[in-house]
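Residue strings, one per chain:
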Amino acid sequence: MTVTKKESMTTTEKVAAPTLKAARTPGTRRRQGRAKITPYLFVGPILLVFAGFYLWPALSTIASSLFTWGMLNPWELGAPSEWDYVGLSNYSSTLSSADFWNAALNSAIWLIVFPVLVLAVSFPLALLVWNARRGSGIFRSIFILPMTISLSAAGIIWSFIYNPDPNKGVLNALLRVVGLEDASFTFGPLEVHAGQWLSNPGILHLGMADVRFANLFVIIPAVWAFAGFGVITFTAGLTSVPSELLDAARVDGAKQSQLVRHVVIPSLRPSIVVVAVVSVIFALRTFDIVLVTTAGGPAKDTEVLAMLLWRQVFQYLDTPQGGLAAAIAVLMSVFMIIISLPYIRATLKEQQ
Amino acid sequence: MRQRRWTVFALYGILTLASIIWLVPVVTAAMISILPLDQSGTGWWRADLSTATLENYGRAWQQGLSTYTLNSFIISISSVALTVVLGTSAAYAFARMKFRLKGLLYFLLITTMIVPVQIILIPLVPWFRTLNLNEGPAQFLGIALVHTAFGAGWALFMLIGFFSQIPEEVLESARLDGASEFQAFRRIALPLAVPGIVSFIIIDFVFVWNDLLMGLTLLDSNHRPLTVGLANLQAPQLNQDDLISSGSILAIIPPLLLFALLNRYYVRGLYAGAVKG
């Protein structure tokens, strides 16, 4: 008895009774009925967990963004009598709130600065390690080390570095040595306060908006922790650079910089894409490191979207802001899916 | 020749400098963690090393970090075990078998890598209550299931490549010898994918061990992981740098050891799986 591909079950819930359906189908093609069940036995368990603990909560978030509710009495599918439907007003009030745009600006800074710094730091480091014949293992291990450190631990460790007391913090001790302790400068729209790393390091006045640098000093520990991923990925990628190509280019008298530009970078493109995509994903999710370094402060200078969302739903339990938080989560996800669509499509194509 | 010597010199010079900069944060935390507070308070780089002690670790351990550490181990090991078992078999099916809605299912699972965790966070709280996963040790099962759902995309992303590289003839000959599809998977495919599985274990363990947000949101205070315990210690006005630093060093060690042990596999796994052009 054989079945057409079309006739087999559509969802994992039907895994229990696939033989019935297979038996009823007039056979035409390819595999045995029994063999048709096998794939579902392999993928079924993870799909069940995925459906229960990812898909369902994600759909609930989307649905609950259309209602007004608070965490003390959360929106639930099973309790329609308590629903307070508000349509898209959670989205319109989110998109018109100053807090949202403040957090969105900080998240945008993360989305741009974090991947750029990760690439700018890890690519040269990987190239240097690649060029070093002796001891490359030691150097690579040192650069990879922070990768295993959680962002919350990284934030805490860097708080020691950033300690404003020059008797405790390394950076301010160095500033004192060069005589820049507590120095402040102004260059046109740029305002810099040396030594106030996480509190008030400086502002770029841009007329309509001020860019505050405190974000940068929260991003730096994250880059330190994350660059190892870039180093390891590039190191792996560099082993695939065709050595014949390198030798040929050297024989032709290419300089090191030309080698990098015309041979190394093109063959590393997949690694560069992986590092860039993964660091963009991490940048938008960021929460831990902000929580332990600044908790979004001073004022709301370093508050990112993930933090605003969390504050709205779990900090103000008595005010019904859950729908607003859900709307932020949906907006973040839609944004992320849109910008990574080309990458998903490429991965899908490779899969098929 | 002379120019070459200079470039080599410069290369190692830059690498050494970068390594030192890279190590400063960890060295700082480690030094503060082994010094009494009055020594580290005047600059650890000037401290009298003869005062070094492990007393801070003992105090941090007694002040609750022991529970947090145990919780972290329970959560990480159970989550990784579940994800590896379920993820490996699913990756095998995605790589070697045909079934309905494969493209759509793959897309949905892969989006778990991309979509921010915040999209599932809020409804999980009432959902855990409904499923009775919000009290006692059942919370560990709950968070392990969430980590599994989240790790599924990564598992597929990293492991499919390994399974699809296995030549069809190898699996076919096993089937001709009378092996079921499951036996072919366990005896032939699984051993060949070990480098990929090991590198996935490292990534997933590091990811779960380092999670703060889900542990903070979904678990009660007796079941929270070390990351949350650390974040709770972090209160600048309390001046407990000694406890915080030893706690952060404690939190670093397990994933670091795992990584050091399995580093070789990891690079190989990443090379063969994820970044192959």
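Residues numbered from 1 in each chain as written. Chains lettered and ligands numbered in written order. Predicted model: local features only at pLDDT ≥ 70, side-chain atom pairs only at ≥ 80, totals over all residues. Heavy atoms only, no water.

### Focus: the overall build of chain B
Here is the rule we go by: A run of H or I in DSSP counts as a helix once it spans at least four residues, and a run of E counts as a strand once it spans at least two, with each numbered from the N terminus. The reference for a compact globule is 2.2 Å times residues^0.38; the radius of gyration itself is calculated from the C-alpha atoms. Residue burial is assigned from relative accessible area. The probe radius is 1.4 Å, only protein chains are included, and a residue is buried under 20% of its type maximum, exposed over 50%, and partly exposed in between. Any pair of residues with heavy atoms lying within 4.5 Å of one another is described as a contacting pair. Each accessible area value is a Shrake-Rupley result obtained with a 1.4 Å probe; residue values ignore everything except the protein chains displayed when judging cover. Working convention for charge: Lys and Arg count positive, Asp and Glu count negative, and His plus the chain ends are omitted. Charged side chains are reduced to one point each, which is NZ for Lys, CZ for Arg, CG for Asp and CD for Glu.
The helix and strand tally for chain B stands at twelve helices and zero strands. For chain B, the N- to C-terminal ordering of α and β elements is α-α-α-α-α-α-α-α-α-α-α-α. Scaling as 2.2 N^0.38, a compact globule of 277 residues should have a C-alpha radius of gyration of about 19 Å, whereas chain B reaches 23 Å, well beyond that. Overall, chain B is about 70 × 70 × 30 Å in size when its C-alpha atoms are taken along their principal axes. Taking all 277 residues of chain B together, 56% fall into the buried category. By sequence separation, contacts in chain B at least 24 residues apart represent 74% of the contacts at least 6 residues apart. Accessible surface for chain B amounts to roughly 11900 Å². Of this, 65% is attributable to carbon and sulfur atoms. Taking the 17 positively charged and 14 negatively charged side chains of chain B as two groups, their mean positions are separated by 13 Å.

### Some points on helix α11 (residues 269-285) of chain A
Convention followed: Between the first and last residue of a helix there are one fewer steps than residues, each counted as 1.5 Å, and that sum is the expected span.
Taking 1.5 Å of rise per residue, 17 residues should cover 24 Å, and α11 of chain A covers 25 Å from first to last C-alpha, within 8% of that figure. Buried residues of α11 of chain A: Ser 271, Val 274, Val 275, Val 277, Val 278, Ser 279, Val 280, Ile 281, Ala 283, Leu 284 and Arg 285 of chain A, and no others.

### As for the domain arrangement of chain B
Residues and elements named next belong to chain B. Note the threshold: Residue ranges assigned to each domain were obtained from an automatic or database domain assignment. Here's the idea: put two parts together, see how much 1.4 Å probe accessible area each one loses, and the total over both is what we call buried area. A carboxyl oxygen of Asp or Glu within 4 Å of a side-chain nitrogen of Lys or Arg is what we treat as a salt bridge.
Along its sequence, chain B is organised into domain 1 (1-53) and domain 2 (59-272). Across the domain 1/domain 2 interface, buried area totals approximately 530 Å², and carbon plus sulfur atoms make up 75% of it. If you sort the residues of domain 1 by the area they bury against domain 2, Ile 32, Ser 33 and Leu 37 come out on top, with a joint share of 70%. The interface formed by domain 1 and domain 2 contains zero salt bridges. When residues in the side of domain 1 that touches domain 2 are grouped by element, the largest group, five residues, is from helix α1 (residues 2-34).

### Some words on a nonpolar patch on the surface
Quick note on the threshold: The patch calculation keeps residues exceeding 30% relative accessible area without a salt bridge and links them within 9 Å when they carry like charges or within 5 Å when they are nonpolar (Val, Leu, Ile, Met, Phe, Trp, Tyr).
Together, Val 177, Val 178, Leu 180, Phe 185 and Phe 187 of chain A line one region of the surface with nonpolar side chains, adding up to about 490 Å² of accessible area. Residue class for Val 177 of chain A comes out exposed when judged on its relative accessible area of 69%.

### A short note on the environment of Val 113 of chain A
All names here are of chain A. Note on placement: Val 113 falls in helix α4 (residues 98-131). Note: C-alpha distance between Val 113 and Gln 258 (145 residues apart in sequence) is 27 Å. Setting aside chain neighbours within four positions, we find Val 113 in contact with Leu 216 and Ile 219.

### Remarks on the nonpolar core
For the record, the criterion: By convention a nonpolar core is built from buried Ala, Val, Leu, Ile, Met, Phe, Trp, Tyr and Cys residues, the set being connected through side-chain atoms within 4.5 Å.
If you look at the biggest cluster of nonpolar residues, it comprises 194 residues, and the most contacted ones within it are Trp 110 and Phe 143 of chain A together with Phe 163 of chain B. Sorting elements by how many residues they give to this core places helix α6 (residues 138-165) of chain B first, with 16 residues. Those residues in contact with Phe 143 of chain A that lie beyond four places of it in its chain are Leu 125, Val 129, Gly 228 and Val 231 of chain A together with Leu 15, Ala 18, Ser 19 and Trp 22 of chain B.

### Remarks on the sheet that holds strand β3 (residues 202-206) of chain A
Residues and elements named next belong to chain A. For clarity, the cut-off: Note: two strands are recorded as paired if DSSP finds a minimum of 2 bridges between them. Here an axis means a line fitted to C-alpha atoms, over the contact stretch when the element is a helix, while the angle between two N-to-C directions is reported on a 0 to 180 degree scale.
Read from one edge of the open sheet, four strands run β1-β2-β3-β4, paired in antiparallel fashion. The sheet is open, and its two edges are formed by β1 (184-187) and β4 (209-212), each paired on a single side. Within the sheet, the average angular offset between the axes of one strand and its neighbour, ignoring direction, is 15°. As defined by bridge partners, β1 adjoins strand β2 (residues 190-193) across four bridges and the pair is classed as antiparallel. In the strand pairing of β2, Thr 186 is matched with Glu 191.

### A few points about the pairing of β4 of chain A
Residue and element names in this part refer to chain A. The sheet contact formed by β3 and β4 spans four bridges and is antiparallel. Across the sheet, residue Leu 206 finds its bridge partner in β4, namely Ala 209. The turn linking β3 back onto β4 is made up of two residues, and Gly 207 within it adopts a positive phi angle of 70°.

### Some details on the interface of chain B and chain A
In plain terms, the rule: For the purposes of these results, a polar contact is taken to be a pair of N or O atoms within 3.5 Å, where, inside protein, one atom must be able to donate a hydrogen and its partner to accept one; residues adjacent in sequence count only when each atom of the pair is a side-chain atom. When residues are grouped by polarity, Ala, Val, Leu, Ile, Met, Phe, Trp, Tyr, Cys and Pro land in nonpolar, Asp, Glu, Lys and Arg in charged, and all others, Gly among them, in polar.
If you look at the interface, chain B gives 104 residues, while chain A gives 104 residues. Roughly 9200 Å² of surface becomes buried between chain B and chain A when both sides are summed, with 77% attributable to carbon and sulfur atoms. Of all residues in chain B, the largest losses of buried area upon contact with chain A belong to Trp 22, Arg 100 and Ile 122 of chain B, amounting jointly to 10% of the total for that side. Joining chain B to chain A, the criterion identifies zero salt bridges. Scanning the region where chain B abuts chain A turns up 13 residue pairs in polar contact (both at pLDDT 80 or more). Element by element, the count of residues in the side of chain B that touches chain A is highest for α1 of chain B, at 16 residues. Its residues assigned to classes, the side of chain B that touches chain A shows 72 nonpolar, 24 polar and eight charged.

### Topic: the pairing of β2 of chain A
Residues and elements named next belong to chain A. With burial as the criterion, only one face of β2 is covered, namely that bearing Glu 191 and His 193; the residues Leu 190 and Val 192 on the opposite face remain uncovered. Here β1 hands over to β2 after two residues, with Gly 188 in that stretch at a positive phi of 55°. Pairing analysis gives three bridges linking β2 to β3, with the strands arranged antiparallel. Considered in β3, the bridge of Glu 191 is made with Ile 203.

### Some thoughts on the environment of Leu 218 of chain B
All names here are of chain B. Mapped onto the secondary structure, Leu 218 falls in helix α10 (residues 213-218). Judged by its relative accessible area of 8%, Leu 218 is buried. Excluding anything up to four places from it in sequence, Leu 218 contacts Leu 121, Leu 124, Val 125, Phe 128, Gln 139 and Val 146.

### Looking at the packing of helix α3 (residues 55-96) of chain B against α6 of chain B
Residue and element names in this part refer to chain B. Condition: We call two directions roughly parallel when the angle between them is under 35 degrees, roughly antiparallel when it is over 145, roughly perpendicular when it lies between 65 and 115, and oblique otherwise. Helix crossings fall into two classes, left-handed where the near helix is turned counterclockwise from the far one by less than a right angle and right-handed where it is turned clockwise.
Contact geometry of α3 with α6 gives a least axis separation of 6 Å together with a crossing angle of 40°. Of the possible angle classes, the one that applies to α3 and α6 is oblique. Handedness of the crossing formed by α3 with α6: right-handed. Residues of the contact of α3 with α6, tallied by class, amount to 19 nonpolar, ten polar and one charged.

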